[in-house]
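Fold and geometry: a report
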Amino acid sequence: MTVYEMQREIMRLKKENDICILAHSYVAREISEIADFTGDSYALSVKGAGAENQNIIMCGVRFMAETVKILAPQKKVVLSNPAAGCPMAEQMDRELITRLKEMNPGRAVVAYINTTAELKTVCDVCVTSSSAEKIVKAMPEKELIFIPDINLGSYIAKKCPEKDIKLVSGGCPTHARISKRDVDSARSAHPGALLLVHPECVPEVTAAADYVGSTSGIMNFAKSSNAKEFIIGTENSIAEHLQYDCPGKRFYELSKDLVCHNMKLTTLPQVLQCCRGEFGEEIVLETGLMQKAKKCIDKMIEYGG
Ligand code: 13P
Ligand code: SF4
């Protein structure tokens, strides 16, 4: 089957089987073309939970599918490729956070949404890269612990000097491998271009950027800017999507290494198989766990909404 034939068959099966497809902005172009919603992790969780369809296929990584399941437990939520996890989401476990809380009584725990459902059960509020600053500012507590991304945490700590934020050492292996040296070489190769980066990058990289924001933030900034050239400092699929969406502008990758292999695991033929019920993993979480984890996600929507 050609790409076009597969896409047509997926569109037919979506209708026949009452399926909503969610695609994170990091997945391949041919998948985002057949998705009902594309976007960053915050937008996808809200859109997924609010969708009218009974069946959701999440083309992204496991924590994203878990978040939708927690927000809409009555729906069947399928992760497009069972092997697609976010390494950062699995860096910390419940025991570690429980110990941290005991050692820091009174500090509220702010969890990046890139965490497992189990970890969310012991955290106070979730944030995404697009909502973190607003949520942290809105929290009544002054003393916080931010997990698991030390780079996003230190970026938010700078934006919220009124808060006392304790950071814990974790992060995204894809973004953390980008260095100031990559910035310098991209800037000298494209001297007129604006540098747009994700806050999961190390502080020397975010400090050198013209704009720092979530995947959707970066895309919106580039689309609405009058500038014509941009260096994109997040997963390289964003530069590709932007080049399709804005043919009159030029987009350069900050580094060839900005590839999230987990986000690349889902392929179009697999999405077709998911629509036929032949592939993917249905997310099944224990009810008590979902109720506890939901408190932390509900707080995110309350403060960030
Ligand atoms: P966004 O919240 O910007 O979608 O980021 C998710 C992610 O995994 C970034 O690496
Ligand atoms: Fe996780 Fe990083 Fe991949 Fe995002 S880019 S899903 S944070 S490993």
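The preceding data block contains the structure.
Reference entry: report on the structure contained in this document. Residue numbers restart at each chain and count upward from 1, following the sequence in its written direction. To label them, take the chains in the order written and letter them from A, then take the ligands in the order written and number them from 1. The model is predicted, so local features are restricted to residues of pLDDT at least 70 and side-chain atom pairs to those at 80 or more, both for listing and for counting; the totals for chains, interfaces and linings are taken over all residues. In computing side-chain properties, one takes all heavy atoms of the structure into account and sets aside hydrogens as well as water.

Concerning the environment of S185
Spelled out, the test is: In DSSP terms, a helix is any run of H or I states spanning at least four residues, a strand is any run of E spanning at least two, and both are numbered starting from the N terminus. Under this definition, polar contacts are N or O atom pairs within 3.5 Å; protein pairs additionally need one hydrogen-donor-capable and one acceptor-capable atom, and for neighbouring residues in sequence, both atoms have to be side-chain atoms.
Structurally, S185 can be placed in helix α10 (residues 180-189). With 69 residues separating them along the chain, S185 and L254 place their C-alpha atoms 8.7 Å apart. There is a polar contact of 3.3 Å between the side chain of S185 and the backbone oxygen of D182.

Some thoughts on the nonpolar core
Definition in use: Buried Ala, Val, Leu, Ile, Met, Phe, Trp, Tyr and Cys residues form a nonpolar core when they are joined through side-chain atoms within 4.5 Å. For every residue, the accessible area obtained with a 1.4 Å probe (protein chains only) is divided by the maximum for its type, and the residue is called buried under 20%, exposed over 50%, and partly exposed between those limits. Any pair of residues with heavy atoms lying within 4.5 Å of one another is described as a contacting pair.
Counting 108 residues, the largest nonpolar core has I21, I97, I147, I232 and L254 as the members making the most contacts within it. Counting residues per element, this core draws most heavily on helix α15 (residues 287-304), at seven residues. Contacts of L254, omitting those with residues within four sequence positions, involve I178, D182, V183, A186, L195, V197, V205, I231, I232 and G233.

What to know about the pattern of salt bridges
Definition in use: Whenever Lys or Arg places a side-chain nitrogen within 4 Å of a carboxyl oxygen from Asp or Glu, that contact is recorded as a salt bridge.
Applying the stated rule across the entire model yields 16 salt bridges. In this structure, the salt-bridge partner of R12 is E9, at a minimum N-O distance of 2.9 Å. With R12 and E9 both in helix α1 (residues 3-16) and three residues apart, this pair spans about one turn of that helix. Residue E9 is classed as buried on the basis of its relative accessible area of 18%. A salt bridge links E281 to R62, with the shortest nitrogen-to-oxygen separation between them at 2.8 Å.

So, the site of ligand 1
Under the convention used in this document: Put simply, a residue is near a molecule or strand once any heavy atom of it comes within 4 Å of that molecule or strand. Surface exposure here means Shrake-Rupley accessible area, sampled with a 1.4 Å probe, where a residue is shielded only by the protein chains that are shown. Residues are sorted three ways: Asp, Glu, Lys and Arg are charged, Ala, Val, Leu, Ile, Met, Phe, Trp, Tyr, Cys and Pro are nonpolar, and all the rest, Gly among them, are polar.
Taken together, H24, Y26, D40, S41, Y112, N114, S129, H175, H198, E200, S214 and T215 make up the full set of residues near ligand 1. Contact distances for ligand 1 include 3.2 Å between an oxygen atom and a side-chain N or O atom of N114. Contacts to ligand 1 include E200, whose side-chain N or O atom sits 2.9 Å from an oxygen atom. When ligand 1 is considered free in solution it has 300 Å² of accessible area, and contact with the protein chains removes 96% of it. Class assignment for the residues of the shell around ligand 1 results in two nonpolar, eight polar and two charged.

Details of the sheet that holds strand β5 (residues 108-112)
Under the convention used in this document: At least two DSSP bridges between two strands are required for those strands to pair. Comment: axis = line fitted to C-alpha atoms, over the contacting stretch for helices; angle = value between 0 and 180 degrees taken between N-to-C directions.
Taking strand neighbours across the sheet as the criterion, the four strands line up as β6-β5-β7-β8 in an open arrangement whose pairing is parallel. One side of each edge strand has no neighbouring strand; the edge strands of this open sheet are β6 (125-127) and β8 (164-167). Put simply, the sheet's adjacent strands are angled 30° from each other on average, direction ignored. Pairing of β5 with strand β7 (residues 143-147), which is carried by four bridges, proceeds in the parallel orientation. Bridged to V110 within β7 is F146.

Focus: the sheet that holds strand β12 (residues 250-253)
An order of β10-β9-β11-β12 is seen for the four strands of this open sheet, with the pairing classed as parallel. Of all strands in the sheet, those with a lone pairing partner are β10 (211-212) and β12, marking the two edges. In this sheet, β10 lies alongside strand β9 (residues 194-197) in parallel orientation, the contact comprising two bridges. Each residue of the ladder has a partner; that of L196, found in β10, is Y211.

Points about the environment of F37
By the element assignment, F37 lies in strand β2 (residues 37-39). F37 gets classed as partly exposed once you look at its relative accessible area, which sits at 27%. The spatial distance from the C-alpha of F37 to the C-alpha of E95 is 35 Å, given a sequence separation of 58 residues.

Details of the packing of helix α3 (residues 41-50) against helix α4 (residues 62-71)
Heads up, the condition is: Throughout, a crossing is termed right-handed when the near helix is turned clockwise from the far one, and left-handed when it is turned anticlockwise from it by less than a right angle.
Orientation of α3 relative to α4, taken along the N-to-C sense of each, is 35°, at an axis distance of 8 Å. As α3 runs across α4, the sense of the crossing is right-handed. Where α3 approaches α4, its residues S41, L44, S45, G48 and A49 are matched on the opposing element by F63, M64, T67, V68 and L71. Looking at the contact of α3 with α4 residue by residue, the classes come out as six nonpolar, four polar and no charged.

Here we look at the packing of aromatic side chains
Operational definition: Each Phe, Tyr or Trp ring, with Trp reduced to its six-membered ring, pairs with another whose centre is within 6.5 Å; inter-plane angles below 30 degrees give stacked pairs, above 60 give edge-to-face pairs, and intermediate values give tilted ones.
Evaluation of the coordinates by the stated rule reveals two aromatic pairs. Measuring from centroid to centroid gives 4.5 Å for Y211 and F221, while their planes differ by 25°, and the two rings are stacked. Taken together, the positions of Y211 in strand β10 and F221 in helix α12 (residues 215-224) put the pair 10 residues apart, joining distant regions of the chain. Since its relative accessible area comes to 22%, Y211 is described here as partly exposed.

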